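Letter by letter, the chains look like this.
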Amino acid sequence: MSSALKGKRILLGITGSIAAYKAAMLARLFIKAGAEVQVLMTAAAADFIAPLTLSTLSKRPVYSEVSSESGWHNHVELGLWADAMVIAPATANTLAKMAHGMCDNILTACYLSARCPVFFAPAMDLDMWRHPATQANVRQLEQFGHRLIPPASGELASGLHGEGRMAEPESILEFLEKSLQAANQDLSGINLLITAGPTFEAIDPVRFIGNRSSGKMGVAIANAAAARGADVTLILGPSQERPDSRVRLIRVESALEMHAEALKRWPDSQAAILSAAVADYRPAEAATEKIKKSQDSLSIQLVKNPDIAADLGKQKVNGQMLVGFALETHDAEAQAKQKLERKNFDFIVLNTLTDPGAGFHHDTNKITIFFRDNKRLDFQLKSKQEVAADILDALASILARG
Ligand code: C5P
């Protein structure tokens, strides 16, 4: 299959991180995929990898200054030339400059001039990555519409373990190929409501009852649907995940808040995908003050939460589609089919918890979809992004049939 990068012009910006040595492999992969690559390097990057390596690989001179003996490098022209700009590795310093419009080198000057999609793959130590200043800069860049290629976890150059390693060149290539593929717009014009994440049910001002849902599956669905043209509203419980800037995000904490937001938005939606792990029960009353540990035992009275899915199912009108999830540990198929009926879903996605790599906190998932006409679709273990695409394919095909 021909790569989405074939014939594309890519500005590859390399900044001063130890991960710069991987940029040679990245340039090579881009070129193998059929792209033309123009390398830009900051002065600090040249301390980590020789510009000669990159000019040899890319068969083009590497630019590391706005002007040099060979003349002035027109950053505006370079910015317009490119079909995509990829900054990999992107240091905390360069991210900060980009977020604030500073352009004191050829890379940042080209960045400010570029009209093409911009991708950035951060690489830094875990504390620099976690710092609120870096996180705020990343959010800002995402708000500009640029795409974060998230860093991975592992051993860092400092010897510390954690998040901050630049994504591997193969993952960067795959990310770029997926993003540059002519996006399928089969969900354009669809108002899609999504619930995701856990809910937290307050016991007192500092404690809650929660669950281990990460929100990853629902956020992946929201991002994929927005890329396919849907107008997406995501009601997200307490989760570390952040959707793309194209997704309308409503943050909630409790099941009652999620219920109220979902019911308010359902009449204006053509479809809803309910992936949230909503707490079944909440404390009957949340104490207004922190509960003291004065007694030897403590009982908390729980009351049932509303079933958001069932309530949307009751209000569903012709033409609206409702999709639910089931996570079962025994008699999974029968349980999922019962839920499909009871909650008036159009189809239900059963998560197979027994397979390694499936379910909470994993980046992969294995699903089976059950439809109302008894049809079923079984899928292999896949990344949550691919699973999201499978679920949206099922939704799109039913919507297309009207
Ligand atoms: O009944 P159970 O929790 O297994 O049902 C799972 C499905 O119902 C999921 O789609 C979940 O998002 C939804 N649900 C809901 N509100 C609840 C409980 C579950 O929307 N209170």
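The structure we're discussing is the one just above.
Nothing here was measured: the structure is a model prediction, and the numbers come from that model.

A.B. asks: Can you walk me through the site of the ligand in this structure?
C.D. replies: The environment of the ligand is made up of Leu 274, Ala 276, Val 278, Pro 306, Asp 307, Ile 308, Ala 309, Gly 324, Phe 325, Lys 339 and Lys 343. In the environment of the ligand, a nitrogen atom lies 2.9 Å from a nitrogen or oxygen atom belonging to the backbone of Pro 306. The contact in question runs from an oxygen atom of the ligand to an N or O atom on the side chain of Lys 343, over 2.8 Å. Compared with its free state, where it exposes 450 Å², the ligand has 85% of that area covered by protein. The site holding the ligand turns out to be the second largest pocket. Elements with a minimum of two residues in the shell around the ligand: α12 (308–315) and β18 (321–328). For the shell around the ligand, the class distribution of residues is seven nonpolar, one polar and three charged.

A.B. asks: Teacher, can you tell me more about the environment of Asp 390 here?
C.D. replies: Summarising the element assignment, Asp 390 is placed in helix α14 (residues 384–401). If near-sequence neighbours (up to four positions away) are discounted, Asp 390 is found in contact with Phe 379 and Lys 382. In this structure the side chain of Asp 390 is engaged in a polar contact, spanning 2.8 Å, whose partner is the side chain of Lys 382.

Reading the values: the criteria
- Residues numbered from 1 in each chain as written.
- Predicted model: local features only at pLDDT ≥ 70, side-chain atom pairs only at ≥ 80, totals over all residues.
- Heavy atoms only, no water.
- Near = heavy atom within 4 Å.
- Polar contact = N/O pair within 3.5 Å; in protein donor to acceptor, adjacent residues only side chain to side chain.
- Areas by Shrake-Rupley, 256 points an atom, 1.4 Å probe, with all protein chains shown as cover.
- 1 Å grid on protein atoms, 1.4 Å probe; cavity = no way out; pocket = protein on both sides within 12 Å on 5 of 7 lines; lining within 4 Å.
- Sits in = over half its atoms within 2 Å of the grid points.
- Helix = DSSP H or I, 4+ residues; strand = E, 2+ residues; numbered from the N terminus.
- Nonpolar A, V, L, I, M, F, W, Y, C, P; charged D, E, K, R; others polar.
- Contact = heavy atoms within 4.5 Å.

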